[in-house]
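So the chains spell out like this:
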Amino acid sequence: MERNVVLSVRDLRTYFHLPHGVLKAVDGVSFDVHQGELLGLVGESGCGKSITARSILNMVRSPGKAYGEVLYFENGRATNLLALGSDSREIHRIRGDAITMVFQEPMNAFSMVHTVGHQIMEAILLHRQVSKKEAREMSIDLLDHVGISNPQQRVDEYPFQLSGGMRQRAMIAMAIATNPKVLICDEPTTALDVSVQAQILRLLKSLQEKHDMAVIFITHDLGVIAQIAERVIVMYLGNIVEEAPVHDIFHNPKHPYTRRLMAAVPDVHIEGENGARTRLQTIDGFVPEPINLPDQCVFYNRCTEHWQHCTTANPELLQINETHFARCYKYDETVPQKGEA
Ligand SMILES: Nc1ncnc2c1ncn2[C@@H]1O[C@H](COP(=O)(O)OP(=O)(O)O)[C@@H](O)[C@H]1O
Ligand SMILES: [Mg+2]
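Computed from a predicted structure; not experimentally measured.

> I would appreciate a short explanation of the state of the cysteines in the present structure.
What makes a disulfide is a covalent bond joining the sulfur atoms belonging to two cysteines. Taken as a whole, this structure holds zero disulfides when the rule is applied. Cys303 carries a free sulfur, and the closest cysteine sulfur to it, the one in Cys328, is 6.4 Å from it. Of the cysteine sulfurs around Cys310, a residue in no disulfide, the closest is that of Cys297, at 6.0 Å.

> Sorry, what's going on with the pattern of salt bridges here?
Where charged atoms from two side chains of opposite charge come close, those side chains can pair. Counted according to the given criterion, the structure contains ten salt bridges. Put simply, Glu230 and Arg3 hold a salt bridge, and the shortest N to O gap is 2.8 Å. Here Glu230 is found in the loop between α9 (222-228) and β9 (231-236), whereas its partner Arg3 is found in the segment before β1 (5-18), with 227 residues between them in sequence. Given the relative accessible area of 29%, Glu230 is considered partly exposed. Arg3 gets classed as partly exposed once you look at its relative accessible area, which sits at 28%.

> What is the right way to read the sheet that holds strand β11 (residues 318-321) from this model?
Think of a sheet as strands paired side by side through backbone hydrogen bonds, with each pair either parallel or antiparallel. Strand order in the open sheet formed by eight strands is β6-β7-β8-β3-β9-β10-β12-β11, with mixed pairing between adjacent strands. One side of each edge strand has no neighbouring strand; the edge strands of this open sheet are β6 (99-102) and β11. Each strand of the sheet is rotated relative to its neighbour by a mean of 20 degrees, with strand direction disregarded. The pairing of β6 with strand β7 (residues 182-186) spans four bridges and is parallel. Note on β7: the bridge partner recorded for Ile99 is Val182. Relative to β6, helix α7 (residues 164-176) is tilted by about 175 degrees, and along the sheet it contacts β6 and β7.

> Just checking my understanding: could you explain the confidence of the model for the chain for this structure?
In regions of low pLDDT, the predicted coordinates are not meant to be interpreted in detail. Across the chain, pLDDT averages 91, with 93% of residues at or above 70. Every residue in residues 268-281 scores below 50 in pLDDT, and together they form 26 contacts with partners more than four places removed in sequence or on other chains.

> Even after reading the chapter, I still don't get helix α11 (residues 256-263), so can you show me in this structure?
Since the α-helix packs 3.6 residues into each turn, any two residues three or four apart lie on the same face. When you tally the buried positions in α11, you get seven out of eight residues, the bulk of the element. Listing the buried residues of α11 in full gives Pro256, Tyr257, Thr258, Arg260, Leu261, Met262 and Ala263. Of the surrounding elements, those touching the buried residues of α11 are α9, β9, β10 (239-245) and α10 (246-251).

What counts as what
Residues numbered from 1 in each chain as written. Chains lettered and ligands numbered in written order. Predicted model: local features only at pLDDT ≥ 70, side-chain atom pairs only at ≥ 80, totals over all residues. Heavy atoms only, no water. Disulfide = S-S within 2.5 Å. Salt bridge = Lys/Arg side-chain N within 4 Å of Asp/Glu carboxyl O. Helix = DSSP H or I, 4+ residues; strand = E, 2+ residues; numbered from the N terminus. Buried < 20%, exposed > 50% of the residue type's maximum accessible area, 1.4 Å probe, protein only. Pairing = 2+ DSSP bridges. Axes fitted to C-alpha atoms, helices over the stretch in contact; angles between N-to-C directions. Contact = heavy atoms within 4.5 Å. pLDDT = per-residue confidence, 0-100.

Here's what the structure looks like:
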């Protein structure tokens, strides 16, 4: 079944204009998000995942600037969010209402001086024409909906009175209060221990299905991606290097970076292309700062499979089959391959 596109990111480039150069945090990222889909965005720390999320909501501040288009589709009409003023009425109508966000650490997203209920009510009152009493009832229902017991009592507690897992549930309650079309989750379970993490992932999955929301789920952890995503985008240095359905990412990864990430996942063994078991390894080297990079494959310095041609320019994202894309010259039949003249 073809699902409607709700959000389309087109040639997004988010640059920080710094005294010592232009830091290209996101450099030419394009992807569509479909109604009700769970899209995973994965890559090591520093790859540009959070800046992609902030750019979608037009929340990048000077010296950063987002170029390109972020189209939000509503009643058959497309609005380019990047063309709206970052404090305009139109962006506030969409941000926090149709598109909302959950962060890694709810302690930072919640104010410590107001009760959880007060903050969820504020989010509702900002976007809906309801009375305070109704907003309070809605907040209690939402807390109940995300699996918080005794919501009538919890609604009047402060964020610091809740456990990490409960606080993240409350954050999620606030993020879904307006019934968003798109929910962006930026490392929402990274600060939680493994059993709580699994509960939160199950909660997000069930909410996504119940509300037919699109979820963009950002994480550095492929183990989490395996549990939750339908389709996966792998980012490296501000570029999409691979994109495929989750099954193909795990069973038939194409980009050398994805394969290395995969091999570094604890307790996950994958079948190599020749059927051999790939041993666990950690991915060595680190993500460089994307400033003044040479015009070559972005993964060149850390790639163990590169050859001469990889220094000519950064490859395009190549289509391998209907749903699988990789940014690697190995899949480009028009260029000389390794060992060829
Ligand atoms: N406010 C900022 N000013 C300058 N550089 C930034 C800023 N925020 C992020 N960056 C840089 O942008 C790149 C991408 O960062 P980020 O999107 O946070 O990565 P991720 O979320 O994948 O860990 C990194 O090189 C980071 O240092
Ligand atoms: Mg991040």
